[in-house]
Amino acid sequence: MATFSSSRLFFCSESLIPQVTKEVSDAFQAEGFEVESCDLLAGGADISITKGGVFKSVLGMKTALKITLRPSNGRIQAEAGVGIFGQQAIPTVISMLFLWPILLTQIWGMIQQSQLDDQAMKLIEESINRHSAAKVTDASPKTAFCTQCGRTIEPGARFCSQCGAPLQVEA
Amino acid sequence: MASWFDQQTGMINLDEKVAQSETFQKIMEDRIVTGDEIKAQADMVIGLLRELDACLDTHEKELVEKLLTELAVLYAVSQTAELQSSQLG
């Protein structure tokens, strides 16, 4: 449900998903979060992030921040939402609990208040930028384009002003 | 009586009562829910509503009625939204 999730499309190769998954997982682990990731059958990866005392348990199952990275027409679609630690979908016994909409609202509110979803998106972006140096195609001395997002690049620019990808000019 | 909200996080903790409930544990023990179990649970809920209906004063009854109604609304619209999401794909 879009109300309790945030998403962003990253203009980079979907082949970066495994590296991004590892780096985001490592970063949250370094902050003391419990993290688990798995590959999705349809492609992409799912990351569960939780911490006792921050994310409450519901019917004995730990709730978590869920980050999903999916391939999307050669790009990466990232989504942050509420889920159950280690599970790709919220179990029916929880989603059918009549208190779940209240708990979902409160847990998502906590995630947004502590900006955990923003932090996850920032980590994803940083990881992508480290591994995805966009190449600038020089059609002419005055016309250059970022091959990540297609934006026209000013001569001498080191980063794309639209997608932020670091640039290197092809010889 | 303990608060319905965690004192530190402000999170509602009524769901923990569900997990601890003898009726929930007994019904879910074999992971199969039967018609008889649903009927027995429904009868218990009706009994509790009758008890409240008889013992609450006017103001308390209005509050509980509003809570039960709005909770039912929240649940119904949340389930509808989930169905809409799954239909849109």
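Counting restarts for each chain: residues are numbered from 1 in the order of the written sequence. Chain A is the first chain written and ligand 1 is the first ligand written, with later ones labelled in order. The model is predicted, so local features are restricted to residues of pLDDT at least 70 and side-chain atom pairs to those at 80 or more, both for listing and for counting; the totals for chains, interfaces and linings are taken over all residues. As a rule here, side-chain values cover all heavy atoms of the structure and leave hydrogens and water aside.

On to the overall build of chain B, then. The helix and strand labels rest on DSSP assignments: H or I over at least four residues marks a helix, E over at least two residues marks a strand, and numbering proceeds from the N terminus. Along the backbone of chain B there are four helices and zero strands. Mapped from its N terminus to its C terminus, chain B presents α and β elements in the order α-α-α-α. Just to be clear, the radius of gyration here is over C-alpha atoms, and the globule rule we use is 2.2 Å times residues to the power 0.38. Its C-alpha radius of gyration of 17 Å places chain B more than 25% over the 12 Å reference for a compact globule of 89 residues. When its C-alpha atoms are laid out on the principal axes, chain B stretches across 45 × 30 × 30 Å.

A word on the pairing of strand β3 (residues 45-50) of chain A. Residues and elements named next belong to chain A. Per-residue accessibility, obtained with a 1.4 Å probe over protein chains only, is compared with the maximum for each type, and a residue is labelled buried under 20%, exposed over 50%, and partly exposed between these values. By the criterion of burial, β3 is predominantly enclosed, with six of the six residues buried. For two strands to pair, DSSP has to find at least two bridges joining them. Pairing analysis gives six bridges linking strand β2 (residues 34-39) to β3, with the strands arranged antiparallel. Among the inter-strand pairings, C38 is bridged to a residue of β3, identified as D46. Here β2 folds back onto β3, and the loop between the two strands holds five residues, one of which, G43, carries a positive phi near 105 degrees. The pairing of β3 with strand β5 (residues 61-72) spans five bridges and is classified as antiparallel.

Our next topic: the packing of aromatic side chains. All names here are of chain A. Pairing of aromatic rings covers Phe, Tyr and Trp, the last through its six-membered ring, and needs centres within 6.5 Å; plane angles under 30 degrees mean stacked, over 60 mean edge-to-face, and all others mean tilted. Scanning the entire structure with this criterion turns up one aromatic pair over all chains. Seen in terms of ring centroids, F28 and F33 are 5.5 Å apart; in terms of plane orientation they differ by 85 degrees. Their pairing is edge-to-face. Here F28 matches F33 in class, with each residue buried. Geometrically, a charge over a ring is one whose NZ (Lys) or CZ (Arg) sits within 6 Å of the ring centre while staying within 35 degrees of the ring normal. Over the ring of F33 we find K51; its NZ or CZ atom is 4.3 Å from the centre of that ring. Taking NZ or CZ as reference, K62 lies 5.2 Å from the ring centre of F85, over its face.

Residues and elements named next belong to chain B. Across chain B, the average pLDDT comes to 91, with 99% of residues at 70 or higher. A residue's pLDDT is simply how confident the predictor is in it, with values from 0 to 100. For chain B, helix α1 (residues 14-20) is the element with the lowest average pLDDT, namely 87, and helix α3 (residues 35-55) is the one with the highest, namely 94. Both scores are given for the predicted complex: the pTM is 0.77, the ipTM 0.78.

There is about 1800 Å³ of room inside the largest pocket. In this analysis the probe radius is 1.4 Å and the grid spacing 1 Å, with only protein atoms considered; a cavity is a set of points the probe fits into but cannot get out of, a pocket is an open set with protein on both sides within 12 Å along at least five of seven lines, and lining residues have an atom within 4 Å of a point. Residue lining of the largest pocket: 36 residues in total, with A:F98, A:L99, B:V18, B:Q41 and B:V45 positioned closest to the centre. Looking at the lining of the largest pocket, the elements with two or more residues in it are α1, α2 (22-28), α3 and α4 (58-88) of chain B. A total of nine residues in the lining of the largest pocket trace back to one element, the largest contributor, which is α3(B). Looking at side-chain class alone, the lining of the largest pocket contains 31 nonpolar, three polar and two charged residues. Grid points are joined across faces, edges and corners, and a volume is the space filled by probe spheres set on the points. Nonpolar residues are Ala, Val, Leu, Ile, Met, Phe, Trp, Tyr, Cys and Pro. Charged residues are Asp, Glu, Lys and Arg, and all others, Gly as well, are polar.

Quick look at the side chain of A:S5 now. Residue and element names in this part refer to chain A. Positionally, S5 belongs in strand β1 (residues 5-10). What makes S5 buried here is its relative accessible area of 18%. Once residues lying within four places of it in the same chain are set aside, the contact partners of S5 are E79, A80, G81 and W108. Residues are treated as being in contact if the distance between any of their heavy atoms lies within 4.5 Å.

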